[in-house]
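# Inside the fold
Here are the chains, one letter per residue:
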Amino acid sequence: MASKRFDYIVVGGGSAGCIVASRLVAEHGARVLLIEAGPRRTSRILAMPAGYMKFLAQETYLTMHKVVPQPQLGGRAPIVPQARVLGGGSAVNAMVYIRGQAKDYDAWDAALGGAGWSYRDLLPYFIKQEGNDHLGKPYHGTDGPLKVSHLGQHSAMSRAFVQAMQEKGVPYNSDFNGIGQAGVGFMQHTIDWRTRRRCSAVDAFLQPVLSNPRLTLATNTVVTRICIENGRATGVEVKGQSGRELLHADTEVVLAAGTYMSPKLLMLSGIGPASELSRHDIAVKVDLPGVGWNLQDHHEVPVVATTTGAFGYFGQDRGLAMLRHGLQYRLFKSGAVTTTGVEACTFIDPDGGERPTIQLYCVPTVYLDRDVSGVEPTHGVTLNPCLLRPKARGSVRLASADPFDAPQVDPQFFGDPDDLRLTLAGLRYAREVLATSPVRDMVAKEIFPGPDASSDEALAAHCRKTVKTNYHPVGTCRMGRENDEHAVVTPDLRTRGIASLRIVDASIMPTIPSGNTNAPVLAIADKAVDIIIGSAQRTDMRQSALARQPVSPAHQVSPP
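No experiment lies behind these values; they were computed from the predicted model shown.

Turning next to the sheet that holds strand E23 (residues 408–410). Spatially, the three strands line up as an open sheet ordered E16-E22-E23, and their pairing is antiparallel. Each edge of the open sheet is held by one strand with a lone partner, namely strand E16 (293–295) and E23. Mean inter-strand twist for the sheet, computed between neighbouring axes without regard to direction, equals 30°. When strand E22 (residues 394–397) meets E23, the two strands line up antiparallel, connected through three bridges. Paired with Val396 across the strands is Val409, a residue of E23.

So, on to the side chain of Thr234. Residue position: Thr234 is located in strand E12 (residues 232–240). Those residues within four positions of Thr234 in sequence are excluded, and the remaining contacts are Cys227, Ile228, Glu229, Leu247, His248 and Ala249.

The residue Gln101 is located in the loop between helix H2 (89–92) and helix H3 (102–111) in this model. Here the side chain of Gln101 touches Arg355 through a polar contact of 2.6 Å, side chain to side chain. Every residue in contact with Gln101, bar those within four places of it in the chain, is listed here: Gln181, Arg355, Pro356, Leu388, Arg389 and Ser514.

Turning next to the pattern of salt bridges. Tallied over the full model, the rule gives 28 salt bridges. Residues Asp104 and Arg355 are paired through a salt bridge, measuring 2.8 Å at the closest nitrogen-oxygen approach. In this pair, Asp104 is assigned in helix H3 and Arg355 in the loop between strand E19 (344–348) and strand E20 (358–363), connecting sequence segments 251 residues apart. Among the residues examined, Asp104 registers a relative accessible area of 3% and is labelled buried. The salt bridge partner of Lys168 is Glu432, with a shortest N-O separation of 2.8 Å. Linking Lys168 in the loop between helix H5 (156–167) and strand E7 (183–186) with Glu432 in helix H10 (residues 417–434), this pair joins segments that are 264 residues apart in sequence. The exposure class of Glu432 is partly exposed, given its relative accessible area of 40%. Each of the salt bridges in this network shares a partner with another, and the network as a whole consists of Arg23, Glu27, Lys128, Asp526 and Asp530.

What follows deals with helix H1 (residues 15–28). When the terminal C-alpha atoms of H1 are compared, their 19 Å separation across 14 residues agrees well with the 20 Å that a helix rising 1.5 Å per residue should span. For H1, the buried fraction is high: 11 of the 14 residues fall into the buried class. Residues of H1 that are buried include every one of Ser15, Ala16, Gly17, Cys18, Ile19, Val20, Ala21, Ser22, Arg23, Leu24 and Val25, and no others. Positioned one or two residues after H1, Gly29 has a phi angle of 65°, which is positive.

Here the focus is helix H4 (residues 119–129). Taken residue by residue, H4 has Tyr119, Leu122, Leu123, Tyr125, Phe126 and Gln129 as its buried positions. Down the axis of H4, the smallest arc covering the buried residues is 165°, so these residues share one side.

Turning to the environment of Gly309, a few remarks are in order. Structurally, Gly309 is set in the loop between strand E18 (303–307) and helix H9 (319–332). Residue classification places Gly309 among the buried residues on the basis of a relative accessible area of 18%. Separated by 70 residues in sequence, Gly309 and His379 place their C-alpha atoms 6.8 Å apart.

This part takes up the UniProt feature "binding site: FAD" (unreviewed entry) in the protein chain. With numbering matched to this structure, UniProt assigns "binding site: FAD" (unreviewed entry) to Val85, Asn93, Ala94, Met95, Val96 and Val223. Over a stretch of 139 residues, the named residues are scattered through the fold, their C-alpha atoms separated by up to 29.7 Å. Within the fold, Met95 resides in the loop between H2 and H3. What makes Met95 buried here is its relative accessible area of 0%. In this structure, Met95 is in contact with Met48, Pro49, Tyr52, Gln188, His189, Thr190, Ile191, Arg198 and Thr340, ignoring residues within four places of it in sequence. Structurally, the position occupied by Val96 is in the loop between H2 and H3.

Contact geometry for H10 and helix H11 (residues 456–466): axes closest at 10 Å, N-to-C directions at 100°. Judged by the angle between their axes, H10 and H11 are roughly perpendicular. Of the residues in H11, those in contact with Leu420, Thr423, Leu424, Leu427, Arg428 and Arg431 of H10 are Asp456, Leu459, Ala460, His462, Cys463 and Arg464. Of the residues assigned to the contact of H10 with H11, the class counts are six nonpolar, two polar and four charged.

Right, let's get into the UniProt feature "domain: Glucose-methanol-choline oxidoreductase N-terminal" (unreviewed entry) in the protein chain. Listed under "domain: Glucose-methanol-choline oxidoreductase N-terminal" (unreviewed entry) in the UniProt record, and renumbered for this structure, are residues 83–106 and 258–272. Structurally, residues 83–106 is divided into 38% helix and 4% strand, and its ends, taken at the C-alpha atoms, are 29 Å apart. Between the C-alpha atoms that bound residues 258–272 the distance is 16 Å, and the span itself is 53% helix and 13% strand.

The final tally for this structure, using the stated rule, is five aromatic pairs. Between Phe55 and Tyr61, the ring centres sit 5.5 Å apart and the planes meet at 50°, which makes this aromatic pair tilted. A centroid spacing of 5.1 Å and a plane angle of 80° characterise the contact between Tyr105 and Trp108, whose relative ring orientation is edge-to-face. Here Trp108 and Tyr105 lie together in helix H3, a separation of three residues that amounts to about one turn. The two residues Tyr105 and Trp108 agree in class, both being buried. Members of the aromatic cluster, joined through ring pairs, are Tyr105, Trp108, Tyr119 and Phe126. Of note, Lys333 hangs over the ring of Tyr329, and the distance from its end group to the ring centre comes to 5.0 Å. Above the face of the Trp117 ring, Lys527 is positioned so that its terminal group lies 5.1 Å from the ring centre.

The rules behind these values
Residue numbers run consecutively from 1 along every chain, following the written order of its sequence. Totals for whole chains, interfaces and linings use all residues, but because this is a predicted model, local features are given only for residues with pLDDT of at least 70 and pairs of side-chain atoms are given and counted only at 80 or more. Based on all heavy atoms of the structure, the side-chain values leave hydrogens and waters out of the count. By the convention used here, strands pair only if DSSP detects at least 2 bridges between them. Strands here mean DSSP runs of E at least two residues long; helices mean DSSP runs of H or I at least four residues long; both are numbered from the N terminus. The axes are straight lines fitted to the C-alpha atoms, using for helices just the contacting stretch, and the angles between their N-to-C directions are given from 0 to 180°. The contact criterion used throughout is that any non-hydrogen atoms of two residues lie within 4.5 Å. Polar contacts here mean pairs of N or O atoms no more than 3.5 Å apart (in protein, one a potential hydrogen donor and the other a potential acceptor; neighbouring residues in sequence count only if both atoms are side-chain atoms). By salt bridge we mean one thing: a side-chain nitrogen of Lys or Arg within 4 Å of a carboxyl oxygen of Asp or Glu. Think of it in three bands: with a 1.4 Å probe and only protein chains considered, a residue is buried below 20% of the maximum accessible area for its type, exposed above 50%, and partly exposed in between. Expected helix span is computed as 1.5 Å times (number of residues minus one). Arc, as used here, means the arc of the directions from the helix axis to the C-beta atoms. UniProt positions are given in the numbering used here, feature names are shortened, and annotations may be inferred rather than shown by experiment. Should an angle fall under 35 degrees it is taken as roughly parallel, and over 145 as roughly antiparallel, whereas 65 to 115 is taken as roughly perpendicular and any remaining angle as oblique. Residues are grouped as follows: Ala, Val, Leu, Ile, Met, Phe, Trp, Tyr, Cys and Pro are nonpolar; Asp, Glu, Lys and Arg are charged; every other residue, Gly included, is polar. Any two rings among Phe, Tyr and Trp, with Trp reduced to its six-membered ring, count as a pair given centres within 6.5 Å; such a pair is stacked if its planes are under 30 degrees apart, edge-to-face if over 60, and tilted if neither. Charge-over-ring placement is defined geometrically: NZ (Lys) or CZ (Arg) within 6 Å of the ring centre, and within 35 degrees of the ring normal.

Now the structure itself:
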């Protein structure tokens, strides 16, 4: 790259990095370098709502982290993927747009002593970003760059699921991001209703500044460490197509590499638990015990049944059916290609409380993680109870001091007994749904875990065998008060003990939100830009005032 100096270096070109880089360039006039480890472009198939399913089990745009063996799962080590492409998760995910519950963010703010992270504080960012196809104020925006809409098609099974839940007494909820989350309904997605194409963070935020000369984009480039001089982050070392380079940030380094990679990069740079760094002979710059800890992730366990007919999407992605759907999409922007296949869900508490603890997805096909065997694909339905607020806490640690070694991820699925208890309750609830009309009239038989698995012990064994990530890791560089020794960043997202280094991705979340995490990450990053710009403006004004002061040789004044 021509220049080696920038105002800001943003590490990570995912959802958070795209919005931070875009706004710093467009609104602050900053010279920004945005670095992404993966490629710049994805397959055109991923722009189609149904297209992401083609890449779920491939490493084309994903890093497949294999977690450390989990004793509580009998030594099983499930895969936890992470996006590796410009746009991050927003470029490869199932596009579900769920913000979580107001109580999630209010709990953050209470723990931070009222630092501006409540639901009321974040709602304006959700609204500003959003261009919704039919929902409006007071909870939605209609003219924002992030296009949000209902899917172009809902299967017969998804509609039956919504009706069955109402038969069970669960109210219909037309807006999971509105006044309350509880209920059953159809999920909205980050899809542009005008074109029926994915709206990623690149499409929504980065595209308008890609031709701006103040933005430098470096893809297929790995950051190997953060450069630190006299307690300040001054830039980064990278390995790209031109070999190793040192790149300088005059103002700040902004870390947006994600929940697995942000703590890894901190530790490689000497910021983290002293014992962990010493284990790998890394010089300790700042002893921050919280780096890499507090990992949380939504996880789910399936109940699978065959159906008496083709009520979903089995077999629709191959052969003549695929060609027919592709032609319909190309000509009319309608049909099966306009759906993600994850159309409906319900937010419930199997214990009977008012605040949902489970997100129960209806997937209108037989859907299992790739390391689960023994079930053949066929016409069917999969109900996945997903735990919204797991109590277990995992970790991300270094495998070695080599920046190209994958981190050691320990998600601790079912590491707390209450997580397993709630999941068992979710499984039993899912079975009740299968036995409720009109779903009951469409189901042939339960095949997994199967009718013989009825005891808690048998269902617990099923959980340990099949539990999988819902792709929402957070928390490994969590936000906390200045005097919180386990906090990694302060409420203004500054890394404790290091000047000019902020973190703006999902790793800063103190606790996991009750729903899909892409929308909260975008809101956090948007708020982060206001914090960064506000700090820069205050510094500029301070420096301007100092420049106007008469300074004698006996009274030198240095800017802060």
